[in-house]
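Residues per chain, in single letters:
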Amino acid sequence: LSETILMAAEERNATSIHNANGEKIAPAYLFETKDTQEKPIDQLRLEYSDQVRNNELFGFVEIGSGVLKPETAHPDASISLYSKNPAMDDMRGWLRNIINSKVREIHLQALGLDPTELAYVFKRHAVDGMKLVELDKSGEVSEAERASEIESYGVPFGFLFLMYVLTMMGATPLLSSVMEEKNQHIAETLLSSASPFQFMFGKVVGCVAVSLTSSSIYVAGVVALLARLEVLSMIPMYLLPWLFIYIILITLMIGSMMAAIGAACSDLKEAQNYMFPALLPVLVPLVLGFVVIREPSSGFSTFVSLIPPFTPMLMMVRQSIPGGSEIWQIILGLLGSGLFTLFVIWVGSRIFRVGILLKGKAP
């Protein structure tokens, strides 16, 4: 099989690693065969592994002799790629295709069959992902549209990332703002004409306004760009009001936490110790988003999206995927998230009231 791999690598290097302008866009595969010199296999693996660790080789391939045996359960029927990060290496798939095609050809020839005449037997047909059909305005069945992977993954992840960015931009600056007003004795002046709750809630509402303004600009820009590219249908426009609703909820939630932390702390070092728990409502959904996008209607996705701190971001992801959520789940999630947000505002206001005038004491 060595000659087959060497020839395939030369063909790939000549035809597949440069673009139309001649620029190199992929690494070349440079294979060479190694003489075993009758050394023990474990010793060979160690020698070549050391060469990989020393960057003398990128990796090495070991093909068991049983690969060419017709028995599928042969003990030595294995192909192994050894490298620093083989699990993420594209070369594994390339080797699998090259070697298996050659092995299949050898078996056919051993049976007295011409591989070129049997090419149709091994032809693979793609499975196209199609959107559901429906009746159009004239009552006729609409023509099925091909589903786009960019649309399937890009739209929900775009909503998820947009909410993350807007929340971080709108809510987190509130911590340093409150802390600055506390340390510079501005808070005492403001509290002479407003209650602590009014003071805090006014600042949180200001953060919401910032987030809504920013989100409006971003959404308008994306809509204009997609309209220019004539792919505006990728965005489910009916979800935009939900986007703003969830942005209001999560900004109120995170903003209240940040205001409370800023009021309780006197310096940034103290505040940083408390920021991580306050940011979990945006960090956890960002991590779980990939799982929810793949299985939006699973029991796990439903459960985590109904946990109030995570509802705004994860429910937005599920709603952006057709069939990802049911109406009762949306209503329940909105109710739970709304009540939790009110609870966070109440708790945050009590912390704010106690901490805003305290100085020189640990939180």
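For the structure, check the block above.
Presented here is a report on the structure given in the accompanying data block.

What counts, and at which threshold
- Residues numbered from 1 in each chain as written.
- Predicted model: local features only at pLDDT ≥ 70, side-chain atom pairs only at ≥ 80, totals over all residues.
- Heavy atoms only, no water.
- 1 Å grid on protein atoms, 1.4 Å probe; cavity = no way out; pocket = protein on both sides within 12 Å on 5 of 7 lines; lining within 4 Å.
- Points joined across faces, edges and corners; volume = space filled by probe spheres on them.
- Helix = DSSP H or I, 4+ residues; strand = E, 2+ residues; numbered from the N terminus.
- Core = buried A, V, L, I, M, F, W, Y, C linked by side-chain atoms within 4.5 Å.
- Buried < 20%, exposed > 50% of the residue type's maximum accessible area, 1.4 Å probe, protein only.
- Contact = heavy atoms within 4.5 Å.
- Axes fitted to C-alpha atoms, helices over the stretch in contact; angles between N-to-C directions.
- Parallel < 35°, antiparallel > 145°, perpendicular 65-115°, else oblique.
- Left-handed = near helix turned anticlockwise from the far one by under 90°.
- Nonpolar A, V, L, I, M, F, W, Y, C, P; charged D, E, K, R; others polar.
- Salt bridge = Lys/Arg side-chain N within 4 Å of Asp/Glu carboxyl O.
- Phe/Tyr/Trp six-rings, centres within 6.5 Å; stacked < 30°, edge-to-face > 60°.
- Lys NZ or Arg CZ within 6 Å of the ring centre and 35° of its normal.
- Expected span 1.5 Å × (residues − 1).
- Pairing = 2+ DSSP bridges.

1. Comments concerning the layout of surface pockets
In this structure, the largest pocket spans a volume of roughly 880 Å³. Surrounding the largest pocket, 28 residues form its lining, Glu32, Thr33, Lys34, Phe60 and Val61 being those nearest its centre. Mapped onto the lining of the largest pocket, the elements with two or more residues apiece are helix H1 (2-15), helix H2 (41-53) and strand E1 (59-63). Of all the elements, E1 adds the most residues to the lining of the largest pocket, at five residues.

2. Looking at the nonpolar core
Within soluble globular proteins, side chains that are nonpolar generally end up buried alongside one another. Met163, Leu243, Ile254, Phe352 and Ile356 are the most contacted members of the largest nonpolar core, which totals 59 residues. Contributions of two or more residues to this core are made by helix H4 (149-170), helix H5 (173-183), helix H6 (186-191), helix H7 (196-228), helix H8 (240-264), helix H9 (268-294), helix H11 (311-319) and helix H12 (327-355). Broken down by element, this core gets its largest block of residues, 14 residues, from H8. With sequence-adjacent residues up to four places away left out, Phe352 is seen in contact with Val178, Pro196, Phe199, Met200, Ala259 and Ala263.

3. Things to note about the packing of H8 against H12
With their axes 8 Å apart at the nearest point, H8 and H12 run at an angle of 20 degrees to one another. By the angle between their directions, the pair H8 and H12 is classed as roughly parallel. Relative to H12, H8 is oriented so that their crossing is left-handed. Taking contact as the criterion, the partners of Trp242, Ile245, Tyr246, Leu249, Leu252, Met253, Ser256, Met257, Ala259, Ala260, Ala263 and Ala264 in H8 are, on H12, Ile330, Leu334, Ser337, Gly338, Phe340, Thr341, Val344, Ile345, Gly348, Ile351, Phe352 and Gly355. Class assignment of the residues belonging to the contact of H8 with H12 gives a composition of 18 nonpolar, six polar and no charged.

4. Quick notes on the pattern of salt bridges
Two side chains bearing opposite charge may form a pair once their charged atoms approach each other closely. Counted under the stated rule, the structure contains seven salt bridges. Here Arg45 makes a salt bridge to Asp42, at a shortest N to O gap of 3.3 Å. Taken together, the residues Arg45 and Asp42, both in helix H2 and three residues apart, mark about one turn of the helix. By relative accessible area, Arg45 is classed as partly exposed at 27%. Here Glu62 makes a salt bridge to Arg45, at a shortest N to O gap of 2.8 Å. Residue Glu62 is located in strand E1, and its partner Arg45 is located in helix H2; the two are separated by 17 residues in the primary sequence. Residue classification places Glu62 among the buried positions, given a relative accessible area of 19%. Residues joined in a network through salt bridges with shared partners are Asp42, Arg45 and Glu62.

5. Notes on the packing of aromatic side chains
In the structure shown here, the tally under the stated rule is 13 aromatic pairs. One aromatic cluster is present, formed by Phe157, Phe161, Tyr164 and Phe290 through successive ring pairs. The residue whose ring lies beneath Arg12 is Tyr29, and the NZ or CZ to ring-centre distance is 3.7 Å.

6. Comments concerning H8
Between its first and last C-alpha, H8 extends 36 Å over 25 residues, near the 36 Å set by a 1.5 Å rise per residue. Taking burial as the measure, the 25 residues of H8 include 19 buried ones, the bulk of the element.

7. Some remarks on the pairing of E1
Residues Phe60 and Glu62 line the buried face of E1, whereas the alternating positions Gly59, Val61 and Ile63 sit on a face that is not buried. Note: E1 against strand E2 (residues 79-83), five bridges, orientation antiparallel. Each residue of the ladder has a partner; that of Val61, found in E2, is Leu81.

So, to be careful, I would describe these as geometric facts and stop short of saying anything about function.
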